[in-house]
Amino acid sequence: MERYQHQQQYRQLAAMRRALFDQGYLDDQFIQLEELQDDANPNFVEEVVTLFYRESTRSIQNIEHALETTPYDFVKLDNYMHQFRGSSSSIGAKKVRYECTQFRDYCKARNAEGCRRSFHQLKREYSTLRKKLEAYFQFARQTGPSETACRSK
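Nothing here was measured: the structure is a model prediction, and the numbers come from that model. (Residues numbered from 1 in each chain as written. Predicted model: local features only at pLDDT ≥ 70, side-chain atom pairs only at ≥ 80, totals over all residues. Heavy atoms only, no water.)

> Is there a simple way to think about the pattern of salt bridges in this case?
Taken as a whole and judged by the stated rule, the model has ten salt bridges. Close ionic contact of Arg141 with Glu46 constitutes a salt bridge, the shortest N to O distance being 2.2 Å. Residue Arg141 is located in helix α6 (residues 112–143), and its partner Glu46 is located in helix α3 (residues 44–68); the two are separated by 95 residues in the primary sequence. In this structure Arg141 comes out as partly exposed when scored by relative accessible area, which is 48%. (Salt bridge = Lys/Arg side-chain N within 4 Å of Asp/Glu carboxyl O. Helix = DSSP H or I, 4+ residues; strand = E, 2+ residues; numbered from the N terminus. Buried < 20%, exposed > 50% of the residue type's maximum accessible area, 1.4 Å probe, protein only.)

Given below as structure tokens:
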């Protein structure tokens, strides 16, 4: 009975993970991070994602501050977003990365309203992904290690 419940938890964990890809939140870069995780460092992916969220807070604050200053310094905004996009790409945050690209396109077009709208959407995607990943990692810790839960696609 207990083994059955454990298998159910692994299936549920795998379904949670699959949904993150199916819904477009994550891309193959996340899989590459998972491939670096091993018995010596079983929480590697969670640690990298946690570090991303800790470090990206500063980037978001920089962008918010720059968006409060008029006229906009589109070069500075683009540089901030370029850095943020790189960080997002490194964890496989697909929707966040897409919004970063949109924002940069608005910067290149010197479209202030587009930048504001895009940044608002980016923050929504960033927050949604954070909540989903926190729930996923919390459930993964409760479930315990399993090759099938981590590696299935």
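> Sorry, what's going on with unusual backbone geometry here?
With the exception of glycine, the majority of residues adopt a negative phi angle, and the majority of peptide bonds are in the trans configuration. A cis geometry characterises the amide bond from Thr70 onward to Pro71, with omega recorded as -5°. Tracing the backbone through its elements, the reader meets Pro71 in the loop between α3 and α4 (74–91).

> Which parts of the structure should I look at to understand the nonpolar core?
Where a protein is soluble and globular, its nonpolar side chains tend to be buried together. By size, the foremost hydrophobic cluster in this structure holds 37 residues, and its most contacted members are Leu77, Phe84, Phe103 and Leu133. Going through the elements one at a time, α1 (2–22), α2 (28–36), α3, α4, α5 (94–108) and α6 are the ones with two or more residues in this core. Here the element with the most residues in this core is α6; it accounts for ten residues. Excluding its chain neighbours within four sequence positions, the residues that come into contact with Leu133 are Leu20, Leu26, Phe30, Val49 and Tyr53. (Core = buried A, V, L, I, M, F, W, Y, C linked by side-chain atoms within 4.5 Å. Contact = heavy atoms within 4.5 Å.)

> How do you make sense of the packing of α3 against α4 when you look at a structure like this?
Relative orientation and spacing of two packed helices are given, respectively, by the angle between their axes and the distance between those axes. At a minimum axis distance of 10 Å, the contact between α3 and α4 shows a crossing angle of 165°. The angle between α3 and α4 falls in the class roughly antiparallel. Like other packed secondary-structure pairs, α3 and α4 cross with a definite hand, here left-handed. Contacts between α3 and α4 involve Val48, Val49, Phe52, Ser56, Ser59, Ile60, Asn62, Ile63, Ala66 and Leu67 from the former and Leu77, Tyr80, Met81, Phe84, Ser87, Ser88 and Ile91 from the latter. When the residues that make up the contact of α3 with α4 are grouped by side-chain class, the tally is twelve nonpolar, five polar and no charged. (Axes fitted to C-alpha atoms, helices over the stretch in contact; angles between N-to-C directions. Parallel < 35°, antiparallel > 145°, perpendicular 65-115°, else oblique. Left-handed = near helix turned anticlockwise from the far one by under 90°. Nonpolar A, V, L, I, M, F, W, Y, C, P; charged D, E, K, R; others polar.)

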